Amino acid sequence: MASKRTIDILKSSIETDYFTDAVAFFALSASRGIRGKIFRLLKSGDLIRLKNGFYVFGETHRKQQLNIFEIANALYGPSYISLESALSYYGLIPEAVVEITSVDTNRKKTFSTPLGIFSYRQVWKNAFAQGVVQINLENSKIIGLYLAPVCVKQDYRRNGYGAELIEKSLKKAQKLG
């Protein structure tokens, strides 16, 4: 019964269906044994851990269907959806995308979670802010979609990001946006 009350407090205090430890601690600040409560919610499937300190509500407790792009942006950031995921979103590649790919200015990182695989690839800081288009998906916050490397995915894999490549990518991305 305590688990139901705990999940009700979390759901009423948290706007999204994903959250961090800090948000959970704030929402449950009047309670004692917060870590134990989170552990029991994880064990019962009421919460799902995507990485240390980052959770989503279990299916029966979600307010709406999860937006995997929104989760990707929140899981590791700042980041933008890009590369294969962006190509797939725009219908530019025929193959299925088995992981959500993003770019960021941090180190390369991959998270294998119950929701899928999220991979993040590093770009230079001066290239990161260029070529970003914000889209608003149904029932979701605004998502950043990084278009600069979308058009030159193969060049990215071979050469990385240079000023000439970014300029070329932005010109192609403007045609898409």
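Structure first, text after, so check above.
Keep in mind that what you see is a predicted model, and the values were worked out from it rather than measured.

Draft legend 1. Local environment of unusual backbone geometry. Cis geometry marks the peptide bond from Gly77 to Pro78, where omega comes out at 5°. Tracing the sequence through the fold places Pro78 in the loop between α4 (68-75) and β4 (79-81). Look at Leu83: it is not a glycine, yet its phi comes out positive at around 50°. With respect to the helices, strands and loops of the structure, Leu83 is situated in helix α5 (residues 83-89). Its relative accessible area of 0% is what places Leu83 among the buried residues.

Draft legend 2. Structural view of the packing of aromatic side chains. Applying the stated rule across the entire model yields 6 aromatic pairs. A centroid spacing of 5.8 Å and a plane angle of 40° characterise the contact between Phe19 and Tyr55, whose relative ring orientation is tilted. On the criterion of sequence distance, the pair formed by Phe19 in strand β1 (residues 18-20) and Tyr55 in strand β3 (residues 54-57) is long-range, its members being 36 residues apart. Relative accessible area serves as the criterion here: at 4%, Tyr55 is assigned to the buried category. Through a chain of ring-to-ring contacts, three or more aromatic side chains come together here, namely Phe19, Tyr55 and Phe57.

Draft legend 3. A look at the sheet that holds β1. Sheet architecture is open: 3 strands sit in the order β1-β3-β2, paired in antiparallel fashion. Looking at the sheet topology across the chains shown, the edges are occupied by β1 and β2 (47-51). When strand polarity is set aside, the average angle formed by the axes of neighbouring strands in this sheet is 30°. Along the sheet face, α4 touches β1, β2 and β3 and points at about 160° away from the line of β3.

Reading guide: rules and limits
Residues numbered from 1 in each chain as written. Predicted model: local features only at pLDDT ≥ 70, side-chain atom pairs only at ≥ 80, totals over all residues. Heavy atoms only, no water. Helix = DSSP H or I, 4+ residues; strand = E, 2+ residues; numbered from the N terminus. Buried < 20%, exposed > 50% of the residue type's maximum accessible area, 1.4 Å probe, protein only. Phe/Tyr/Trp six-rings, centres within 6.5 Å; stacked < 30°, edge-to-face > 60°. Pairing = 2+ DSSP bridges. Axes fitted to C-alpha atoms, helices over the stretch in contact; angles between N-to-C directions. Contact = heavy atoms within 4.5 Å.

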